[in-house]
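Structure at a glance
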2 protein chains.
Amino acid sequence: MVNKEAADRTNGRGYLRIATEEAFAPASLLQTYLKLANEPGCDDPGFKSLWGFYAASPSARAQFIMNGLADLGAQRLAHMDAAGIDHQIIALTSPGVQVFDAPTGTSLAIEANDILADAVRAHPDRYTGMVAVAPQDPASAVKEMERGVRKLGFKAVILNGHTRGEYHDDPKFWPLFEAAEALDTPIYLHPNAPPKQMIEPFLEAGLDGAVYGFGVDTGLHMLRIICAGVFDRFPKLQFIIGHAGEALPFWLYRLDYMHAATLKSNRYPFMKQLAHPISHYLRNNIYITNSGVAWQPAIEFCQKIIGPERVMYAMDYPYQYVLDEVRLCDEMTIPSEHKKQFFQTNAERVFKLAL
Amino acid sequence: MVNKEAADRTNGRGYLRIATEEAFAPASLLQTYLKLANEPGCDDPGFKSLWGFYAASPSARAQFIMNGLADLGAQRLAHMDAAGIDHQIIALTSPGVQVFDAPTGTSLAIEANDILADAVRAHPDRYTGMVAVAPQDPASAVKEMERGVRKLGFKAVILNGHTRGEYHDDPKFWPLFEAAEALDTPIYLHPNAPPKQMIEPFLEAGLDGAVYGFGVDTGLHMLRIICAGVFDRFPKLQFIIGHAGEALPFWLYRLDYMHAATLKSNRYPFMKQLAHPISHYLRNNIYITNSGVAWQPAIEFCQKIIGPERVMYAMDYPYQYVLDEVRLCDEMTIPSEHKKQFFQTNAERVFKLAL
C-alpha cells in the first residue's frame, strides 16, 4: 500500500519534484529596499541597480517577481501546482537583510523568519524554510540560526552574497560556520550583485545581474571561503550553491592546477596551504543546484564531476517561473536513479525532509 | 609518398600537434614591465600583482617563465621537441603593450612584432606569429595589424584584456574589428588581470590571476563585445578565447535566458537588442582553445556545445609546460576525427597554415 500511495503522489513519474532555491520577501521589506535604493547616501551600486529597478518597474517581469516574492499563500501554491512542484525550499530573497545596519538587519531577519515560519506551519507538506540572518552582527546571527533551526524547524541558512561589501571568508564571520556545523545545517550561498569594489565593468554593460555578474561573484565568494581554510577548520560544514555550481565544476582542473602553482611560487604570502586541492572541497563540502539552468549538458556535467548525490533541482521561483523548464528537466536522458536523486532524494537528505 | 611522409611526421599518431596560445616577450620588455610595476604612480594593481611578482621573483616557476618567454630559439625548440609540439602559434605575453601610453605602446608593439617575425622567418615550420597592437591609438593599431598580416605574414591579432582599464567594446576600438574582418584575421582575446575597477575582491584573496580572475574577466570582456553588437556589425569577424572558452560554453543556457529576460524588462536603457541570442555568437564567431585545461570533460563539453570544428589545442607555454598534459590530451577518449580537428586541422584552417 505504501508503494502504491507513493506512486500516486508522483503521478507515475517515480519521483517528487522538490525545488530547492525558491525565494520570498515580505512586501514591507521590498518597499524598504526601494526606499534604501533611492537614498542619496546608498553607495551600493549593485543594490541600486537590482532593487531600484525591480521594486519600481512597471515591466511585466518585475511585477510578476514582486507579486510572487510577497505571496506565500494561494498564488504560490497554484503556481507550484501548475508547474508540478511538490515542495519548495524557501529563502528570503537577495540581498536579504545584509544591506542594512546591524540592528536593523537583525530585527528584519527575525521578522522575515517569523513570516516564513507561519507559512511553513500552514503548509508543512509544501514548504520548508531557510533561516535569514544578519552577519553584520555575527553573535546575533548565530542566535537567529539556532532559533531558526531549533524553534522554527528551518532546515538551512541563507547567505545572499557579500554583507555590505564584505565576503564571509573574513574570520569575524566564522562563528556562523561553526554554528552551522554544530547544528548540522547547510548554508545556501545565493548570489547578490557584485560589491562596489568590483561591479563597475559589469554594470556599465548591463551584465551585473543574473546574466553573468551574479555567477562570477558567487563563484569568487565560494572560492574565497574555500581558500581561507574554512572547510579545513569545519570539515563537516556543507554549503549549497546554485546555477549549476556557478561554473566552479567547469573550472575544476584549472582551479586545482593554478592554486597549487600559485602556492608553490609564494606569490601571495597570505595564501594558505590547504589540506586538500580545491576539487576536494567541491566534492565533499558543496552541494549544487541547477537553479536557472534547465539544461541537461550542465546538469549532467555537474553530476559527472561532483557526483549525482550532490546535484539537486531548483526552479528559482519567482525569478524564473517557466513551466517548460520542468518538462526539459523531466525529459533529461540520464539514468533514472540520477533523476530521482536530482529531483527528490538528495533534497530529502540534505534538508532532512519527511515528505 | 605524400601520405607516408605525413604519417611519419606524426609518428603514427595521425595528427600534428599545433599549440595555439603560446607566449613570448622580449627580455627588454620584461624589464620595462618591472620598472613600470614599481613606479609609485602605477595605478594598475593587477599589473603590479602580475609583473611586480613574475619579473622579480626568485621562485622556480617565475624563473622558468621569464626564461621561457624571452627565448625564441634553441631552448623553446627543445621544449617543443620534448613535449611533442610540432608548431606554436606565438603571441606577445599579457598585457602586451596595452599598459603604456599610446606612443610608447605603438613603438614597443612594432619592436616586439619585428623580433617575433625574425624568429618565424628562422623557423617557419615551427612558429607562426600573432600581431601585437597598441589599441590606445586605434589608427596606429590598425596600421600595425595590416603590416603584421601583410608584411610579416602573421596569422592573428592578440588582444590582452583591457587597455589601461578600458574594454574593447567601446566604439573607439571598432576600427580594429573592422580591419580584422577585412584582413580575414582572427583576434585572440587573451586574459589580463582584471582592471582596478574590479580587481580588489580577487586580489585580496590571491584569486586575481590564472586561478580565477583571468577567466571571469576575459569572459566578461567577450560578453561585453558580443552585447555591444560587434558581431552584428562585423558578422564575419572571428575571435579566439582560451581556457576552455573561459567557461562561457558552460554558462550558455543562462546567458541566453537572462540576456533575453533583461532586454524584455527594459532594465538597462542602453542594452541592445541583438540579431541573435548570445549562443549564436559563441557558435559562429568564437573559436575556443583548451589552454591551461588539459581535461577531457571540459574539452568534450566545448566540442559538444560549440562544435568540434571550433575547439583547438593550446599548451600555454611557458606558463603551463607540463609534458604529462600532452599525454592526457592524446589519450582523450573522443572520436579520432575530433582529436585531429582539435590538435591539427582546426588550427591549420583558422591560422591558414601550410605545414
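All figures in this text were calculated on a predicted structure; none of them were measured in a lab.

When helices and strands are counted, chain A shows 17 helices and 8 strands. Against the compact-globule benchmark of 20 Å for 355 residues, chain A has a radius of gyration of 20 Å, which places it among compact chains. Seen through its principal axes, chain A has C-alpha atoms that stretch 65 × 45 × 40 Å. When the accessible area of chain A is evaluated, it comes to approximately 12,400 Å², of which 54% is carbon and sulfur surface.

With that settled, consider the state of the cysteines. Residue and element names in this part refer to chain B. Counted according to the given criterion, the structure contains 0 disulfides over all chains. Between Cys302, a free cysteine, and Cys329, which holds the nearest cysteine sulfur, the sulfur-to-sulfur gap is 12 Å. With relative accessibility at 1%, the residue Cys302 sits in the buried group.

Residue and element names in this part refer to chain B. One pass over the full model with this rule turns up 28 salt bridges over all chains. For Asp86, the salt bridge identified is with Arg13, shortest N-O distance 3.6 Å. Here Asp86, found in the loop between helix 5 (74–83) and strand 2 (87–92), pairs with Arg13, found in the loop between helix 1 (2–9) and strand 1 (18–24); they are 73 residues apart in sequence, far enough to count as distant. The exposure class of Arg13 is partly exposed, given its relative accessible area of 25%.

Moving on, we come to the confidence of the model for chain A. Confidence in the prediction for chain A averages 96 pLDDT; 98% of positions are at 70 or higher. Mean pLDDT in chain A bottoms out at helix 1 (residues 2–9) of chain A, which sits at 56, and peaks at strand 6 (residues 239–241) of chain A, which reaches 99.

Residue and element names in this part refer to chain A. Along the polypeptide, Asn160 turns up in strand 4 (residues 156–160). Judged by its relative accessible area of 1%, Asn160 falls in the buried class. Looking at Asn160, its side chain comes within polar contact range of the side chain of His190, at 3.2 Å. The residues contacting Asn160, other than those within four sequence positions of it, are Leu92, Thr93, Ser94, Pro95, Gly96, Gln98, His190, Pro191 and Asn192.

The two copies are related by a screw operation: chain B maps onto chain A through 180° of rotation and 0.0 Å of translation along the axis, at an RMSD of 0.0 Å. Here the transformation between the copies is reduced to the relation of a two-fold axis. Taking C-alpha positions as the reference, the residue of chain B nearest the rotation axis is B:Met198, at 1.8 Å. The residues that chain B uses at the interface reappear at the interface of chain A in 100% of cases, marking a shared surface.

Before going further, it helps to spend a moment on the pairing of strand 3 (residues 127–132) of chain B. All names here are of chain B. Strand 3 sits mainly inside the fold: 6 of its 6 residues count as buried. Both faces of strand 3 are covered, namely the face carrying Tyr127, Gly129 and Val131 and the face carrying Thr128, Met130 and Ala132. This β-α-β element, strand 2 to helix 6 (residues 102–122) to strand 3, shows right-handed connectivity. Taken together, the 3 bridges between strand 3 and strand 4 (residues 156–160) define a ladder with parallel strand orientation. Of the residues in strand 4, the one forming a bridge with Val131 is Val157.

On to the sheet that holds strand 8 (residues 311–312) of chain A, then. Residues and elements named next belong to chain A. On the basis of which strands lie adjacent, the open sheet formed by 8 strands has the order 1-2-3-4-5-6-7-8 and parallel pairing. Of all strands in the sheet, those bounded by a partner on one side alone are strand 1 (18–24) and strand 8. Sheet topology note: the strand 5 (residues 187–190)/strand 6 ladder contains 3 bridges and is parallel. Note that in strand 6 the partner of Leu189 across the bridge is Ile241. This element, helix 8 (residues 174–183), spans strand 4, strand 5 and strand 6 of the sheet and lies at about 135° to strand 5.

With that settled, the discussion passes to the interface of chain B and chain A. Counting residues at the interface gives 72 residues for chain B, matched by 72 residues for chain A. When chain B packs against chain A, close to 6,200 Å² is buried across both sides, 67% of that on carbon and sulfur atoms. Of all residues in chain B, the largest losses of buried area upon contact with chain A belong to B:Phe250, B:Tyr253 and B:Arg267, amounting jointly to 13% of the total for that side. At the boundary of chain B and chain A, one finds 4 salt bridges. The residue A:Arg267 makes a salt bridge to B:Asp208 at a minimum N-O spacing of 3.5 Å. The tally of links from chain B across to chain A stands at 20 residue pairs in polar contact (both at pLDDT 80 or more). Among the secondary structure elements, those contributing two or more residues to the side of chain B that touches chain A are helix 3 (45–54), helix 9 (200–203), helix 10 (213–227), helix 12 (243–246), helix 13 (248–265), helix 15 (296–306) and helix 16 (323–330) of chain B. Of all the elements, helix 13 of chain B adds the most residues to the side of chain B that touches chain A, at 13 residues. In the side of chain B that touches chain A, the residues fall into 46 nonpolar, 15 polar and 11 charged.

Rules of the game
- Residues numbered from 1 in each chain as written.
- Chains lettered and ligands numbered in written order.
- Predicted model: local features only at pLDDT ≥ 70, side-chain atom pairs only at ≥ 80, totals over all residues.
- Heavy atoms only, no water.
- Helix = DSSP H or I, 4+ residues; strand = E, 2+ residues; numbered from the N terminus.
- Rg over C-alpha atoms; globule rule 2.2 N^0.38 Å.
- Areas by Shrake-Rupley, 256 points an atom, 1.4 Å probe, with all protein chains shown as cover.
- Disulfide = S-S within 2.5 Å.
- Buried < 20%, exposed > 50% of the residue type's maximum accessible area, 1.4 Å probe, protein only.
- Salt bridge = Lys/Arg side-chain N within 4 Å of Asp/Glu carboxyl O.
- pLDDT = per-residue confidence, 0-100.
- Polar contact = N/O pair within 3.5 Å; in protein donor to acceptor, adjacent residues only side chain to side chain.
- Contact = heavy atoms within 4.5 Å.
- Least-squares fit on C-alpha atoms with pLDDT ≥ 70 in both.
- Right-handed = clockwise from strand over helix to strand, strands pointing away.
- Pairing = 2+ DSSP bridges.
- Axes fitted to C-alpha atoms, helices over the stretch in contact; angles between N-to-C directions.
- Buried area = accessible area lost by both parts, 1.4 Å probe.
- Nonpolar A, V, L, I, M, F, W, Y, C, P; charged D, E, K, R; others polar.

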